[in-house]
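Okay, here's what each chain looks like letter by letter:
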2 protein chains.
Amino acid sequence: MALDFLSARSRSYQAKRHVVRHGDPLSPFPIITDGWAARCQILRDGSRQIFGLLLPGDMCHFNANPHAQSTHDIVALSSLQVAFIEQRDWREIKLNAPDIAVAIRRYANFESSILSAWIVSIGRRNALERTAHLICEVRFRLELINQVDGDSFAFPLTQDDLADVLGLTPVHTNRKLQDLRQAGLITLHGKRLTVHDLSRLERLAGFDREYLLPGVRELVS
Amino acid sequence: MALDFLSARSRSYQAKRHVVRHGDPLSPFPIITDGWAARCQILRDGSRQIFGLLLPGDMCHFNANPHAQSTHDIVALSSLQVAFIEQRDWREIKLNAPDIAVAIRRYANFESSILSAWIVSIGRRNALERTAHLICEVRFRLELINQVDGDSFAFPLTQDDLADVLGLTPVHTNRKLQDLRQAGLITLHGKRLTVHDLSRLERLAGFDREYLLPGVRELVS
DNA sequence: CGGAACATTGACGATAATCAAAGCGAGTGG
DNA sequence: CCACTCGCTTTGATTATCGTCAATGTTCCG
């Protein structure tokens, strides 16, 4: 069952987006079937940091504790379709299809690897490398779910969103995107991102797909 | 069985510390019983980012995939004692003591929360707040394992290590530590850290212990 | 006592943030 | 169909935070 309960993307910037709070009664194991979302936290001063991109196939609640009003939010970054797995179905799955339970655990590792890689990126790469790295990661993840069409793919993030992923200001994000464009590496227009020279982009980013592969090998098999 | 295989802390800065590589044959589920370690990654340019502090009781391998030469290292930050759980013992535990398996899963959530919080810190807090926040987190975690003595605790990290945790340079880290000292919030001397005014430090850091509690409630029970 | 790691200081430079304004473009209503 | 909005992107000027380089102290330990 896929619900379109978040179909309309809401507008204003700070904390006013359509939000599903962890622990909301209506959310037993949501899985994204279409569109992008993000895990994020809003700080006192109103600034926002995104620390997870949820693409189709990703589980919103994965690492969260069901019965805790977790301190982070899930926000929609595009129109979104979500499927719910009921708790009882879930228990049944775990009993009758242990393989799936294993896959889930692999998936958790996958998510953890991404978190770690983001820390490395934000902590030690400059704005340009960081931007490039994120693009490489997203492209790679989209490739896994067949959402890359040739050398381009849908990229619904606004530059403000992207800034909150990268830990930068929107203005600086804009400038670095332009640098990437002027270097002939990408074009980004109309919510669509094209990578013209993947290997050069990956080299610039210091992107090493190995950090994602282990989880993937298991996920795919 | 506790081995002292990493007892001597080695010296030089880059990648030359005593290191246990993920996937090393000798490491089936190591658990730290004394001392501190860290997960980290070294980049091309030689810079290092730490993305996880391992305190007594923490599992080195937790989120790693056993049969993958993971792209990150574990380094000792002090002399270290480690206990190993053999794979077969592990399987037995999972069968005969499901509660422990559950606890482990809670622990994974705990680790994930910390990773997320680090991203928020590095991405959106300035150097001073970030430093304060890390101190609050560490203090809190040490409190859980009864390693806080009054208002002070052992803090074996070098300022270089701390810089690699915070995503700063050693010089800047030094300056921010001095700011914290001059504000009368902490003293740090001889591998021992004293927090003089916890609530003020937490306010400065924007520290909200809620983000760690959910996992903890389960862990303790 | 000597040496090495670690901590601290100062001067200077680079990267990123801030502030403010202007341009663009898709969707809306007249 | 055009003009109007509103959200989003782009630009420029300026400032702040943090990084770099290099030297000097300090502590710890054999």
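Residues numbered from 1 in each chain as written. Chains lettered and ligands numbered in written order. Predicted model: local features only at pLDDT ≥ 70, side-chain atom pairs only at ≥ 80, totals over all residues. Heavy atoms only, no water.

Some words on the sheet that holds strand β8 (residues 152-154) of chain A
Residue and element names in this part refer to chain A.
And then number 1: As summarised here, the arrangement of the 3 strands in space is β8-β10-β9, forming an open sheet in which the pairing is antiparallel. The strands lining the two open edges of the sheet, one partner per strand, are β8 and β9 (186-189). Taking the axes of each pair of neighbouring strands and ignoring which way they run, one obtains an average angle of 15 degrees across the sheet.
And then number 2: Where β8 and strand β10 (residues 192-195) come together, 3 bridges link them in antiparallel fashion. Its bridge partner being in β10, S152 is matched across the sheet by T194. (Pairing = 2+ DSSP bridges. Helix = DSSP H or I, 4+ residues; strand = E, 2+ residues; numbered from the N terminus. Axes fitted to C-alpha atoms, helices over the stretch in contact; angles between N-to-C directions.)

Side note on the relation of the copies chain B and chain A
And then number 1: Superposing chain B onto chain A takes a rotation of 180 degrees plus a shift of 0.0 Å along the axis, which leaves an RMSD of 0.0 Å. Such values leave the two copies arranged in the relation of a two-fold axis. Looking at the rotation axis and the C-alpha trace of chain B, the residue lying nearest is I119(B), at 2.8 Å.
And then number 2: Most of the interface of chain B is mirrored in chain A, where 100% of its interface residues again form contacts. (Least-squares fit on C-alpha atoms with pLDDT ≥ 70 in both. Contact = heavy atoms within 4.5 Å.)

A closer look at the domain arrangement of chain A
Residue and element names in this part refer to chain A.
And then number 1: Looking at the assigned domains, one finds that chain A contains domain 1 (2-92) and domain 2 (103-220).
And then number 2: Of the residues lining the interface, 21 residues belong to domain 1; the matching set on domain 2 comes to 22 residues.
And then number 3: Taken together, domain 1 and domain 2 are joined by 4 salt bridges.
And then number 4: In this structure, the salt-bridge partner of D161 is R48, at a minimum N-O distance of 3.0 Å.
And then number 5: The interface formed by domain 1 and domain 2 includes 10 residue pairs in polar contact (both at pLDDT 80 or more).
And then number 6: Split by residue class, the side of domain 1 that touches domain 2 holds 12 nonpolar, 4 polar and 5 charged. (Domains from an automatic or database assignment. Salt bridge = Lys/Arg side-chain N within 4 Å of Asp/Glu carboxyl O. Polar contact = N/O pair within 3.5 Å; in protein donor to acceptor, adjacent residues only side chain to side chain. Nonpolar A, V, L, I, M, F, W, Y, C, P; charged D, E, K, R; others polar.)

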